[in-house]
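# Overview (structure and organization)
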Amino acid sequence: MDQDTENYISSGEETEDASETEMWSIKWHHAEQSYQENRDDLLHQLELAKQRKHPEFFKILQKLQTELDDRLLLNEIERDFALASANRDCLREKAAAEEEFAQQKANLIATAISDLEQEKKMLRHEVDAMELTGNAKNTESPTATRQLRPRLCDSVPMPQPVKISYLLSKEDIEHDLQLIRSGIEASVHQGEGRALDE
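### Considering the overall build of the protein
A count of helical and extended segments in the protein gives three helices and zero strands. Along its sequence from the N terminus, the protein presents helices and strands in the succession α-α-α. The 198 residues of the protein split such that 2% are buried.

### Observations regarding the pattern of salt bridges
As enumerated under the stated definition, the model contains three salt bridges in all. A salt bridge links Asp80 to Arg79; its shortest N-O distance comes to 3.2 Å. Under the relative-accessibility criterion, Asp80 is labelled partly exposed at 38%. Judged by relative accessible area, Arg79 falls into the partly exposed class, the value being 48%. In this structure, Arg92 and Asp89 form a salt bridge, with 2.8 Å as the shortest nitrogen-oxygen distance. With Arg92 and Asp89 both in helix α2 (residues 55-133) and three residues apart, this pair spans about one turn of that helix. Classification of Asp89 by relative accessible area gives partly exposed; the value is 32%.

### Considering a negative patch on the surface
Taken together, the side chains of Glu171, Asp172, Glu174 and Asp176 present a region of like negative charge at the surface. The class of Glu171 is exposed, set by a relative accessible area of 64%.

### Some thoughts on a nonpolar patch on the surface
Together, Ile173, Leu177, Ile180 and Ile184 give the surface a local cluster of nonpolar side chains, amounting to about 350 Å² of exposed area. Here Ile173 lies in helix α3 (residues 170-197). Residue classification places Ile173 among the partly exposed residues on the basis of a relative accessible area of 39%.

### Focus on the confidence of the model for the protein
Low pLDDT means the predicted atomic positions in that stretch should not be read closely. Residues with a pLDDT of 70 or more make up 67% of the protein, whose mean pLDDT is 76. When the criterion is pLDDT under 50, residues 136-140 qualifies, and its contacts beyond four places in sequence or with other chains add up to three contacts.

About the criteria used
- Position numbers for residues start from 1 in each chain and track the written sequence from start to end.
- Local features in this predicted model are restricted to residues of pLDDT 70 or higher, and side-chain atom pairs are both shown and tallied only at a pLDDT of 80 or more, whereas totals for entire chains, interfaces and linings draw on every residue.
- The basis for the side-chain values is all heavy atoms of the structure; hydrogens and waters are excluded.
- Put simply, DSSP H or I for four residues or longer makes a helix, DSSP E for two residues or longer makes a strand, and each gets a number counted from the N terminus.
- Only protein chains enter the accessibility calculation, which uses a 1.4 Å probe. A residue is then buried if its area is under 20% of the maximum for its type, exposed if over 50%, and partly exposed in between.
- The salt bridge criterion pairs a side-chain nitrogen of Lys or Arg with a carboxyl oxygen of Asp or Glu, the two atoms within 4 Å.
- In this analysis, a patch consists of residues with relative accessible area above 30% that form no salt bridge, clustered at 9 Å for like charges and at 5 Å for the nonpolar side chains Val, Leu, Ile, Met, Phe, Trp and Tyr.
- Residue burial considers only the protein chains on display, and all accessible areas are found by Shrake-Rupley using a 1.4 Å probe.
- His is not counted, nor are the chain ends; Lys and Arg add positive charge and Asp and Glu add negative charge.
- A charged residue contributes its charge at one atom only: NZ of Lys, CZ of Arg, CG of Asp or CD of Glu.
- Per-residue confidence from the predictor is given as pLDDT, running between 0 and 100.
- Whether two residues are in contact is decided by their heavy atoms: any pair within 4.5 Å suffices.

What follows is the structure, encoded as structure tokens:
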């Protein structure tokens, strides 16, 4: 009876050892299969990444494209705002410059009119003073004449005769008048004598 029991126990232990070995074998097989599947999956993902066809790559690319579009839109809005602001500032400065120009022009015209009125009053005062004192002067300024260049086809202009004015004293004038009178009287006497001879 003891021998049968020992045989039964030993056979049970062998069965248990065999089942543990099989379990470890199955686990090892599953682990190796899982490892192989993971390895194949990672190699496949690596190949997709190299070809730029990986789903994560597309997600990141789409996200970056969305951010780029948003940034470009913001840049365009900012540029349009800056251009509109610069245009408003330009129109404001232009209007201010035109207003300042009109004001300066009006001031200059008013100043010129005032100066001319003052000069007119002064000239009237001078004319009145000259008329009262009898020392009227020729206030007209000499007109400037412009000499033109002679052309090649034009004839050579004749020189103008030089006018010489001699100033005689009163005595010289009286002497000349006496000579003229005596000459006239002599010619008259000669004419009368000829008439008598005939």
